[in-house]
Amino acid sequence: MGFRSVRFHGFRNLEDGEVNLGAHEVYLIGENGQGKTNFLEALYLLSYGSSFRTRQDRDLVAWGSREMAVHSRFETPEEPEGRLSVIWQDGTKSIRFHGKIVNDRKELLRRIPVIVFVHEDFLFAGGPPERRRWFMDQTLSLHDPMYVDQIRRFKKLLKERNHLLKSRKTVLLDHYSEQLASAGLAVSDRRESLTREFGTIFTPLFQEVSGMDEEVTMVYRPSWGDSRSTGEVMEKIREKQDMDLALGTTGSGPHRDRFIFLADGRDFAKNASTGEQRLLSLVLRVAQARFYSETTGRKPLLLLDDVLLELDSSRRRLFRDRLPEAEQIFYTFLPGEETGRIGDNSLTYEVKNGVLYEQ
Ligand SMILES: Nc1ncnc2c1ncn2[C@@H]1O[C@H](COP(=O)(O)OP(=O)(O)O)[C@@H](O)[C@H]1O
Ligand SMILES: [Mg+2]
């Protein structure tokens, strides 16, 4: 099933009130700037506890409003009568599951497993390495929420070590470097095995959808190279310690890892056309959704924001056929745009100036 309804209060440009979502497919149709993406952002917020468009929760509050709330009712196989809310009041955000405060966003993951396809995704292909790390970390976190703790532990130690470097407390440095090495290797191991498993889905999928002869593979390039033990990593860290001290920051580690796409030994994404980069990013999301459903046996909810717009009709069909079975799917379209076959169990809304009109 998925979301049954959502109720807004002071969220972006969306009108206050409740919207029925009780269908397998939900179509949002409207001109640009009317609130379609805002609507999907609210659903994503309920799933992840944060937005895909902004890091500032304040941005989500309707201009002129002092508070914001999004309440939802949902139904999943694990949770037949779920209630989840995100509230922003007096400068702080709170998340409530059945009325009870959720203290750690990690607990939210997988309650409503959402995979989103949005415009900003094109940065996964040609954007900075940070975007690919973020994508792979999200894929891992959805697959196994415990990974969130591993990455948090690494980031905390990194921050502490950087603090030591800046304040030049060199006595403690070795101790922190060792901790950092061990926490970082844990992250690195997870990323490495993920890349391998993810690749078995991504590579054939990209070949099918792109129609390219050559295979494109995703390769993991850890910043610590092939060092596999804390001792080996410590050696690397020690070698660069003077540089780290001079710059006041840790120059190597999982925060500098790279994921690259190789075709015939070449860096594919770097030389790809804009169209190829978009397709690559789109396929990464499909692979993310499939990886999630294959490894957990659960069906995700899919939010597809304007994605079909970029594809010609044969690719559209290819793309849609390759999506995994979903608990619920949301699509956005421009008026008059070809939507393809609309199923029986569906709802269509016209979105105009923040108001949803059922069609
Ligand atoms: N915090 C906010 N309060 C009120 N309106 C907002 C806020 N943030 C964005 N908007 C408005 O929302 C609209 C964008 O909506 P969006 O969902 O991106 O449109 P689209 O239908 O093209 O996806 C813009 O008109 C923008 O001015
Ligand atoms: Mg939009």
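Residues numbered from 1 in each chain as written. Chains lettered and ligands numbered in written order. Predicted model: local features only at pLDDT ≥ 70, side-chain atom pairs only at ≥ 80, totals over all residues. Heavy atoms only, no water.

Time to look at the domain arrangement of the protein. By convention, interface size is frequently given as the accessible area that disappears when the constituent parts associate. Per the domain assignment, the segments making up the protein are domain 1 (1-113 + 327-359) and domain 2 (126-296). Domain 1 and domain 2 are separated by 31 Å when their C-alpha centres are compared. With eight residues of domain 1 at the interface, the matching set in domain 2 holds 13 residues. Carbon and sulfur atoms make up 52% of the surface buried where domain 1 meets domain 2, a total of about 870 Å² over both sides. Ranking the residues of domain 1 by area buried against domain 2 places K106, L109 and R110 at the top, with a combined share of 59%. Our count for the contact surface shared by domain 1 and domain 2 stands at two salt bridges. With a closest N to O distance of 2.9 Å, R152 and D104 form a salt bridge. At the surface where domain 1 touches domain 2, the tally comes to three residue pairs in polar contact (both at pLDDT 80 or more). For the side of domain 1 that touches domain 2, the per-class residue count stands at four nonpolar, no polar and four charged. (Domains from an automatic or database assignment. Contact = heavy atoms within 4.5 Å. Buried area = accessible area lost by both parts, 1.4 Å probe. Salt bridge = Lys/Arg side-chain N within 4 Å of Asp/Glu carboxyl O. Polar contact = N/O pair within 3.5 Å; in protein donor to acceptor, adjacent residues only side chain to side chain. Nonpolar A, V, L, I, M, F, W, Y, C, P; charged D, E, K, R; others polar.)

If you trace the three strands from one edge of the open sheet to the other, you get β9-β10-β11, paired in antiparallel fashion. Two strands close off the open sheet at either side, each with one partner strand: β9 (216-221) and β11 (266-267). By the bridge criterion, two bridges tie strand β10 (residues 258-263) to β11 in an arrangement that is antiparallel. Counted as the bridge partner of L262 is D267 from β11. Here helix α3 (residues 129-143) sits on the sheet and contacts β9 and β10; the angle it forms with β10, its principal contact strand, is near 100°. Running at roughly 170° to β9, helix α5 (residues 170-210) makes contact with β9 and β10 of the sheet. (Pairing = 2+ DSSP bridges. Helix = DSSP H or I, 4+ residues; strand = E, 2+ residues; numbered from the N terminus. Axes fitted to C-alpha atoms, helices over the stretch in contact; angles between N-to-C directions.)

Moving on, we come to the side chain of T250. Along the chain, the position of T250 falls in the loop between α7 (241-247) and β10. Judged by its relative accessible area of 1%, T250 falls in the buried class. Polar side-chain contacts of T250 include one of 2.6 Å to the side chain of N162. Apart from residues no more than four positions distant in its own chain, T250 is found in contact with L158, R161, N162, L165, L180, D244, H255 and R256. (Buried < 20%, exposed > 50% of the residue type's maximum accessible area, 1.4 Å probe, protein only.)

Right, let's talk about the environment of H175 for a bit. Within the secondary structure, H175 sits in helix α5. Distance in space between the C-alpha atoms of H175 and R161 is 9.5 Å, their sequence separation being 14 residues.

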